[in-house]
Amino acid sequence: MRYEGNIFRPPSEAYSLIVQVTVGCTHNKCTFCSMYKDKQFHIKQMDEIFCDLEEARAVYKRVERIFLADGDALAFSQDRLVAILDKINELFPECQRVTTYGAPNDVLRKGVDNLRELRQKGLQIIYIGAESGSDKVLKDIIKGATRAQIIEAIRLIEAADIAASVTLISGLAGAHDWEDHAVQSGTLISEAQPSYASLLTLMVEPLAPLYKDIKEGRFDLLAPIDVIKETKLLIENINVENECIFRSNHASNYLSLRGTLPQDKKAMLDQLDRALAGENSLKQESWRRL
Ligand code: SF4
């Protein structure tokens, strides 16, 4: 397998075969993100991707999960993406799921019919970074998509029978706009009704533009206990009818939560109340990871 640069994948893809089909991120402007700042976005050649898949087939006896990296495999034309999924089906008949990241605008460009075709070819989950439900925060972080576009993209994914796994980031609005960020992020999940919602907690590395703002005092990070308050307000504002698996068990989180909404909402809020009362200890700063 040939990988260009550092490779990122969602935590739930820890045991997946990672196949790099694009390099970098089409947008690459989000102020908090340093993942692909050292890469110029490009699409890999089809013969290179097929060669990687054939090499992996020769090495691994059983491959049940495949994750298509980097930032956004949906930037591929439909024909090429279908050809990649066909090749996966031919070489790995035991593969049970193929997943990828999807930027909101690329999901919208694909449209529901193309997404349905990808689902039929084996694409089962699209990880979509909403980051926030607040238009102000989305503008501040230069997300390149509005709340309305993100909600529409999530609904399209689910309408195509693909599971949408939505990522939000606590602390992303800093100390000033945290209430708006929490309420709007919670109601985004209520309106979009994704199958999965994951909450990470902001950690900013030197390559991210926001790093300089923090160092120069233009952005105040939320204190850990305020992150818990924000998380509580966010969950209070999630009201879903369809089941949504909610997780905040990423290495960056101060408190690990996991439950299925709506039924586990009260249990998760109780866990947060115990943390606010000092009965549940929070992860130490030195143990947090991206
Ligand atoms: S957060 Fe996602 S869309 Fe934004 S720059 Fe990073 S990889 Fe690209």
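The sections below set out a description of the structure shown in this document.

Scoring rules and cut-offs
Within each chain, residue numbers correspond to sequence positions counted from 1 in written order. Reporting of local features is limited, given that this is a predicted model, to residues whose pLDDT is at least 70; pairs of side-chain atoms are given and counted only at 80 or more, and all residues count toward the totals for whole chains, interfaces and linings. By convention in this description, side-chain values take in all heavy atoms of the structure and omit both hydrogens and water. Grid points spaced at 1 Å and placed over the protein atoms alone form the basis of the search, with a cavity being a set where a 1.4 Å probe fits but cannot get out and a pocket an open set showing protein on both sides within 12 Å along at least five of seven lines. Lining residues have an atom within 4 Å of a point. Grid points are joined across faces, edges and corners, and a volume is the space filled by probe spheres set on the points. Secondary structure elements are taken from DSSP: a helix is a run of H or I of four residues or more, a strand is a run of E of two residues or more, and numbering for both begins at the N terminus. In this classification, Asp, Glu, Lys and Arg are treated as charged, Ala, Val, Leu, Ile, Met, Phe, Trp, Tyr, Cys and Pro as nonpolar, and every other residue, Gly included, as polar. We treat two strands as partners when DSSP finds at least two bridges between them. In this analysis, axes come from line fits to C-alpha atoms, helices being fitted only over the stretch in contact, and the angle between any two N-to-C directions falls in the range 0 to 180 degrees. Only heavy atoms matter for contacts: two residues are in contact if any of them lie within 4.5 Å across the pair. Salt bridges, as used here, are contacts in which a Lys or Arg side-chain nitrogen is within 4 Å of a carboxyl oxygen on Asp or Glu. One heavy atom within 4 Å of a molecule or strand is enough for the residue carrying it to be called near that molecule or strand. Molecule-in-pocket calls rest on the fraction of atoms, with more than half required to lie within 2 Å of the cavity or pocket grid points.

1. Re empty space enclosed by the protein
This structure, assessed with the given rule, holds one cavity of 30 Å³ or more. Counted as a void, the largest cavity has a volume near 70 Å³. Considering the residues around the largest cavity, the lining is formed by Ser-170, Leu-199, Thr-201, Val-227, Ile-228, Thr-231, Ser-248, Asn-253, Tyr-254, Leu-255, Leu-257 and Leu-272. Among the elements that make up the lining of the largest cavity, the one with the highest residue count is helix H8 (residues 224–236) (three residues). Of the residues belonging to the lining of the largest cavity, the class tally is seven nonpolar, five polar and no charged.

2. As for the sheet that holds strand E8 (residues 196–201)
Backbone-to-backbone hydrogen bonds pair the strands of a sheet. The strands run either parallel or antiparallel. Strand order in the open sheet formed by eight strands is E1-E4-E5-E6-E7-E8-E9-E10, with mixed pairing between adjacent strands. Every other strand in the sheet has two partners, leaving strand E1 (17–20) and strand E10 (258–261) as the edge strands with one partner each. Between one strand axis and the next, the sheet turns by 25° as a mean value, whatever way the strands run. Both strand E9 (residues 244–247) and E10 contribute to a ladder of four bridges, which runs antiparallel. Across the sheet, the residue bridging to Arg-247 is Arg-258, located in E10. Sheet strands in contact with helix H5 (residues 147–159) are strand E6 (123–131) and strand E7 (163–170), and its direction is about 150° off that of E7.

3. Details of the pattern of salt bridges
In total, this model carries 25 salt bridges according to the counting rule given. With a shortest N-O distance of 2.9 Å, Arg-218 and Asp-213 are connected by a salt bridge. Several salt bridges share partner residues, and in doing so they unite Arg-2, Lys-44, Glu-48, Asp-52 and Glu-55 into one network.

4. Some details on the site of the ligand
Around the ligand, the neighbouring residues are Cys-25, Asn-28, Lys-29, Cys-30, Phe-32, Cys-33, Met-35, Tyr-36, Glu-131 and Lys-143. The cavity where the ligand resides is the largest pocket. Considered class by class, the residues forming the shell around the ligand number six nonpolar, one polar and three charged.

Any functional reading would require information that these geometric values do not contain.
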